[in-house]
Amino acid sequence: MNWDDSRNGPPGGGPPPAGSTDGPEATDGADGADRLVAASADGEDQAVEAALRPKSLYEFVGQERVREQLDLVLKAALARGATADHVLLSGAPGLGKTTLSMIIAAEMGAPIRITSGPAIQHAGDLAAILSSLQEGEVLFLDEIHRMSRPAEEMLYMAMEDFRVDVIVGKGPGATAIPLELPPFTLVGATTRAGLLPPPLRDRFGFTAQMEFYEPAELERVIHRSAHLLDLQIDTDGAAEIAGRSRGTPRIANRLLRRVRDYAQVKAEGYINREIAGAALRVYEVDERGLDRLDRAVLQALLKLFGGGPVGLSTLAVAVGEERETVEEVAEPFLVREGLLARTPRGRVATPAAWAHLGLTPPRPGPGASGQPGLFGA
């Protein structure tokens, strides 16, 4: 099973404490954190993930290209007796960035320190962390693009020369004291690689783009998690859950736990396709992974506005949600699924959206926009 978190870890490394949250992954945009299909991790997720995380690249499911490349990087560093190159992991929440960072430390036989960009607001915060690192230690910096600019500039020198300049004093009497650092490996994680400044991005020796999972890969994740949780699930049951998991292992494991609850109450604990489908209908997750909010956005767009185009603010009012909730929580998945399109004139439903909700698109009027043509033609 693979997924990642946005949390600060204790100074000595290891999994972050349950209940701690940090960064945008923890909020999932506005009001999305309580959704069953949210890619962010809540307190329950954090506790379960600590037990289910794979401990090596061999156990890690999916991301075949990234695993192969990373395996070469780590084995080459071990053969040289050197620390591994700095690694940048980018991709959506829940795909395995934190898990891979812990695997990197385990494969190198090194401790790991976990922190996040939003937690480093001053250069002094970063200097305190860097100066306490041990030789070869892995520093995992989640949501690295949200780090403050002064800390970011200090990180340039630390990554390249393993040195930082600590400023003592203020004004004309300020003095820069160079501080040598032991060699370390920085693993940066970001959900928005485009926001990283080029000087920072160029200092990473290896960059990996995490992709969404195929259903077959998610089935393997679900079978592995079911085994660790001592659950009975057949191939069809795993396939049913995988098809509704939005290509994200964290969501797959969360859905598995909710199906487990249903199966324990209604089916003596055994999970097959019928039980999985019935359970997820109770939790309002349909066969494509859409939940109540997703369907509400599509239904408003189709039934109230004829498929669009319609402005984002108008659409948000129609579903009774904040504009940011619709834009950041619902829209990304709907666009990725080809159910909704963003255009200069507003949001537009695709033919797939009409088909998914079982509705018939309105027939266009005489004019190109559905309005009567010139002179009533």
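First, a word on what this report is: a plain description of the structure on this page. What you see is a predicted model, and the numbers here were worked out from it, not measured in a lab.

**Re the packing of helix α2 (residues 64–80) against helix α3 (residues 97–108)**
At their nearest, the axes of α2 and α3 sit 10 Å apart, and the two run at 30° to each other. Judged on the interaxial angle alone, α3 and α2 are roughly parallel. Crossing of α2 against α3: the hand is right-handed. Of the residues in α3, those touching α2 at Val-66, Leu-70, Leu-74, Ala-77 and Leu-78 are Leu-100, Ile-104, Glu-107 and Met-108. Here the contact of α2 with α3 is composed, by residue class, of eight nonpolar, no polar and one charged.

**Things to note about the pattern of salt bridges**
Think of it this way: side chains of opposite charge can pair up when their charged atoms draw near. Inspection of every chain in the model, using the stated rule, returns 19 salt bridges. With its nearest N and O atoms 3.1 Å apart, the salt bridge here joins Glu-59 to Arg-224. Of this pair, Glu-59 sits in the loop between α1 (43–52) and α2 while Arg-224 sits in helix α7 (residues 215–228), and the two are 165 residues apart along the sequence. Judged by relative accessible area, which is 18%, Arg-224 ranks as buried. Measuring nitrogen to oxygen at the nearest pair gives 3.2 Å for the salt bridge that ties Glu-137 to Arg-113. One end of the pair, Glu-137, is in the loop between α4 (123–131) and β3 (138–142); the other, Arg-113, is in strand β2 (residues 112–116), with 24 residues separating them in the sequence.

**Some remarks on the sheet that holds strand β7 (residues 206–209)**
The five strands are arranged β2-β3-β6-β1-β7 in an open sheet whose pairing can be described as parallel. Each end of this open sheet is capped by a strand with a single partner; those strands are β2 and β7. Between one strand axis and the next, the sheet turns through 15° on average, direction left out of account. As paired strands, strand β1 (residues 87–90) and β7 are joined by four bridges and run parallel to one another. Directly across from Ser-90, in β7, lies its bridge partner Gln-209. Against the sheet, α3 makes contact with β1, β2, β3 and β6 (185–190), and its axis sits at roughly 175° relative to β3, the strand it touches most.

**Points about unusual backbone geometry**
In this structure, Phe-162 is a non-glycine residue whose phi angle is positive, near 50°. Tracing the chain through its elements places Phe-162 in the loop between α5 (149–161) and β4 (163–168). Residue Glu-268 is not a glycine yet carries a positive backbone phi of 55°. Here Glu-268 shows up in the loop between α9 (249–266) and β9 (270–271).

Cut-off values and rules
Residues numbered from 1 in each chain as written. Predicted model: local features only at pLDDT ≥ 70, side-chain atom pairs only at ≥ 80, totals over all residues. Heavy atoms only, no water. Axes fitted to C-alpha atoms, helices over the stretch in contact; angles between N-to-C directions. Helix = DSSP H or I, 4+ residues; strand = E, 2+ residues; numbered from the N terminus. Parallel < 35°, antiparallel > 145°, perpendicular 65-115°, else oblique. Left-handed = near helix turned anticlockwise from the far one by under 90°. Contact = heavy atoms within 4.5 Å. Nonpolar A, V, L, I, M, F, W, Y, C, P; charged D, E, K, R; others polar. Salt bridge = Lys/Arg side-chain N within 4 Å of Asp/Glu carboxyl O. Buried < 20%, exposed > 50% of the residue type's maximum accessible area, 1.4 Å probe, protein only. Pairing = 2+ DSSP bridges.

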